[in-house]
Amino acid sequence: MYRSRLGTDLSDITLDYVSSINDDSQIALYDILGSQAHALMLYENQIITKNDAKKILSALESLKNEKFEVFSGAEDIHELIETLVIKKAGMISGGKMHTARSRNDQVALDIRMKIRDDINIICNCLLDTIEALVSLAKNHQKTIMPLYTHLQQAQVGLFSHYLLAQADVLFRDFDRLYTTFNHVNQSPLGAGPVGGTSIPIDRHSTAKMLGFDGVIENSLDATSTRDFVAEYVAMIAILMTNLSRISEDFVIWSTTEFSFIELADEFTSPSSVMPQKKNPDILELTRGKTSEVIGNLTAILSTIKGLASGYGRDLQQIKSSIWSTSKISISALVILKSILLTLNINEKKMKKAAESSYLIALDIAEKLVQNGIPFRTTHKISGALVQIAHHSNKSLNKLSMKEISKIAQETKINPDLIMKIIQSTTITSSLKERKSFGSSGYDEQKRMIEDRMKKINNYRISVTKRDNDISNTLDNLSNKIIEVIK
Ligand code: ARG
């Protein structure tokens, strides 16, 4: 339809190469809404007549439920919708729909509307997953487990502490996406192909009708930039790396060797040959799909970085990377939430692992510190005690006075004090005495759980408001359209 100065049509293979119609199914509805707001604005500013507006708006309204034909010959959804509007409304009215705009501001608009909806969906999914983490933490404030560094046992901890750490990570993902929304929710509509228009349009009015917080003012910027896309996908890439790490923890903990957790059957896969297998494929796929999202980010950045200012068709290619990113993150979050809610936790195994190592070594050193001994000396004493216990294959509280005296003599510390501290230090006493802000200590769990529960509620109020603001605005638009059409 647009080939006014071009002689021949595209061959089927070229059309298929050039067309974005498949990817555009995700933005068809946004394109219709954008066109309706634009047509309404043209009418309100006396650029088209009420009769023209009526015909265009009715035609667009009837397209809302349309299953668009992929083999229509159109290069994209914008061309296809305009063609169908002209068919339904006639050239005299329908031919006016594309007044004072371009596919360049249209596609930017559609992508922004799609991403802002996706952000709201993902923010809600994040809160659901965070809530699952915090509820599980609530039930596991007394579940002792080893904490690791270098995947070697490091300090005694609690399973709730682990879960709360992941909740905090996801809160930050939420914060980042919540801020990104502000950069996304700005209207490029009315920027035209690149330099604006001589027709007296009102860009602020269309922005308002579509629920945008403002406009991208400069028309060159509005049509060229995809920085908001890169930002969104980057935020999701970070989110996915966080989900990938949780997945990796769970994969390790569900091995026979660890057996800290067991995944519900519905989140595991069998082997085609080994009947006994229960594989954590779903979690492995979160790891794998994280790489795909990182790939999407790379594809987007490398497309943008090579483009001169002004729209370039390369930009068409990034759409599928955005859709794939949204779909992966939404599914990953929904699935992780269900995995958490159905997880079987082997508390005995976790505790046994924490007991069988020398995890209280630092606690012993710290108790000596509280008796006025320099930490460097206490580190030496505790380390030497572990060495002896390890060589004679026994726990620290089984060390004899003779064994302790040797170290006490070398460091000039009273052996009775060392003995008393060793005897009174257990993994439980260690967790009782761990008082520092944000630590694995028992008291801190309760405080953090209460705090995070409140935080979830506050965050929910904010996203729900954003969601409602958009749907209310679009309802108003719809009512205005009905007024004109009737
Ligand atoms: N299908 C195109 C895209 O997705 C729409 C914009 C085309 N603009 C143009 N001047 N060729 O980016």
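As a starting point, this report considers the structure included with it. Fair warning: this is a prediction, and the values are worked out from it, not measured in the lab.

Our focus in this paragraph is the site of the ligand. As a matter of local geometry, the ligand sits amid S20, D76, H78, R103, N104, V107, Y311, R313, Q316 and K319. A distance of 3.2 Å separates a nitrogen atom of the ligand from a polar atom in the side chain of S20. A distance of 2.9 Å separates a nitrogen atom of the ligand from a polar atom in the side chain of N104. Protein burial of the ligand: of its 340 Å² of free accessible surface, 87% is covered by the chains.

Quick look at the packing of helix α14 (residues 361-369) against helix α17 (residues 415-424) now. α17 packs onto α14 with a crossing angle of 135 degrees between their chain directions and a minimal axis gap of 10 Å. For the element pair α14 / α17, the angle class is oblique. Judged by the twist between their axes, the crossing of α14 over α17 is right-handed. Along its contact with α14, which presents I364, K367 and L368, the element α17 presents L417, I418, I421, I422 and S424. In terms of residue class, the contact of α14 with α17 is made up of six nonpolar, one polar and one charged.

So, about the pairing of strand β2 (residues 152-158). Strand direction decides the pairing type here: strand β1 (residues 144-149) and β2, joined by six bridges, are antiparallel. Paired with P146 across the strands is V156, a residue of β2. Where β1 hands over to β2, the hairpin turn is made up of two residues, of which H150 adopts a positive phi near 60 degrees.

Quick look at empty space enclosed by the protein now. If a probe the size of a water molecule is rolled over the atoms, the empty space left behind becomes visible. Applying the stated criterion to the full structure yields one cavity of 30 Å³ or more. L243, S247, I282, L283, T286, A332, I335, L336 and I339 are the residues that line the largest cavity. Looking at the lining of the largest cavity, the elements that each hand over two or more residues are α10 (227-253), α11 (281-305) and α12 (318-341). Take the lining of the largest cavity: its biggest share by element is four residues, from α12. Considering only residue class, the lining of the largest cavity consists of seven nonpolar, two polar and no charged.

Our focus in this paragraph is the layout of surface pockets. Space inside the largest pocket adds up to approximately 420 Å³. Looking at the largest pocket, it is lined by 17 residues, and the ones nearest its centre are S254, T255, T256, E262 and K278. Only β5 (261-262) and β6 (344-345) provide two or more residues apiece to the lining of the largest pocket. Looking at the lining of the largest pocket residue by residue, the classes come out as five nonpolar, nine polar and three charged.

Time to look at the packing of aromatic side chains. One pass over the full model with this rule turns up 11 aromatic pairs. Judged by centre distance (6.4 Å) and plane angle (65 degrees), the ring pair of F159 and W253 falls under edge-to-face. Note that F159 is positioned in helix α7 (residues 159-184) and W253 in helix α10, a separation of 94 residues in sequence. With a centroid separation of 6.2 Å and 45 degrees between ring planes, the pair formed by W253 and F260 is classed as tilted. Here W253 and F260 have matching classes, each one buried. Clustering of aromatic rings is evident, with ring pairs tying together Y148, F159, Y162, F250, W253, F258 and F260. We note R112 situated over the ring of F228; from NZ or CZ to the ring centre the distance is 3.8 Å. Above the ring of Y442, the side-chain terminus of K142 is found at 5.5 Å from the ring centroid.

At a closest axis distance of 8 Å, the pairing of α10 and α11 adopts a crossing angle of 160 degrees. Considering their axes alone, α10 and α11 lie roughly antiparallel with respect to each other. Along this stretch, α10 crosses α11, giving a crossing that reads as left-handed. A breakdown of the residues in the contact of α10 with α11 according to their chemical character gives 17 nonpolar, six polar and three charged.

With that settled, the discussion passes to the side chain of N242. Looking at the element boundaries, N242 is found in helix α10. When residues no more than four places from it in sequence are discounted, the contact partners of N242 are V169, L170, D173 and R176.

All right, on to helix α13 (residues 347-355) then. All of the buried residues along α13 are M350, A353 and A354. Buried residues of α13, seen end-on, are gathered within an arc of 100 degrees and therefore sit on one face of the element. Facing away from the buried side of α13 by more than 90 degrees, the exposed set consists of K348 and K352. Summarising the contacts, the buried residues of α13 are in contact with β1, β2, α7, β5, β6 and α18 (427-433).

Counted according to the given criterion, the structure contains 24 salt bridges. When the shortest N-O distance is used, the salt bridge between K278 and E262 registers 2.8 Å. Of the two residues, K278 sits in the loop between β5 and α11 while E262 sits in strand β5, which places them 16 residues apart along the sequence. Using a relative accessible area of 43% as the deciding quantity, one classes E262 as partly exposed.

Calculation rules
Sequence positions are assigned chain by chain, starting from 1 and proceeding in written order. Given that the model is predicted, a residue must reach a pLDDT of at least 70 before its local features are reported, and side-chain atom pairs must reach 80 or more before they are shown or counted; all residues, however, enter totals for whole chains, interfaces and linings. Only hydrogens and water are removed before side-chain values are computed, so all heavy atoms of the structure are retained for them. When at least one non-hydrogen atom of a residue lies within 4 Å of a molecule or strand, that residue is treated as near it. In the analysis that follows, any N or O atom pair within 3.5 Å is treated as a polar contact, provided that within protein one partner can donate a hydrogen and the other can accept it, and provided that, for residues neighboring in sequence, both atoms belong to side chains. In these tables, accessible area is a Shrake-Rupley quantity obtained with a 1.4 Å probe, and a residue counts as shielded only by the protein chains included in the view. Here an angle of 0 to 180 degrees is reported between the N-to-C directions of two axes, which are lines fitted to C-alpha atoms, with helices fitted over the stretch in contact. Each helix corresponds to a stretch of at least 4 residues labelled H or I by DSSP, and each strand to a stretch of at least 2 residues labelled E; elements are numbered beginning at the N terminus. Reported orientations rely on four angle classes, namely roughly parallel under 35 degrees, roughly antiparallel over 145, roughly perpendicular from 65 to 115, and oblique for the rest. Crossings are sorted by hand: turned counterclockwise from the far helix by less than a right angle, the near helix makes the crossing left-handed, and turned clockwise it makes it right-handed. We call two residues contacting when some pair of their heavy atoms lies within 4.5 Å. Classification used: nonpolar for Ala, Val, Leu, Ile, Met, Phe, Trp, Tyr, Cys and Pro, charged for Asp, Glu, Lys and Arg, polar for all others including Gly. Strands were regarded as paired on the criterion that DSSP finds at least two bridges between them. Grid spacing is 1 Å over the protein atoms alone, the probe is 1.4 Å, and a cavity is where that probe fits but cannot get out, while a pocket is an open set with protein on both sides within 12 Å along at least five of seven lines and lining residues have an atom within 4 Å of a point. Grid points are joined across faces, edges and corners, and a volume is the space filled by probe spheres set on the points. Working definition: a ring pair exists when centres of Phe, Tyr or Trp rings (six-membered ring for Trp) sit within 6.5 Å. Plane angles under 30 degrees give stacked, over 60 give edge-to-face, the rest tilted. Type-normalised accessible area, obtained with a 1.4 Å probe on protein chains alone, sets the label of each residue: buried when under 20%, exposed when over 50%, and partly exposed for intermediate values. Look at NZ for Lys and CZ for Arg. If either is within 6 Å of the ring centre and within 35 degrees of the ring normal, a charge sits over the ring. The directions from the helix axis to the C-beta atoms form the arc being described. Whenever a carboxyl oxygen of Asp or Glu lies within 4 Å of a side-chain nitrogen of Lys or Arg, that contact is scored as a salt bridge.

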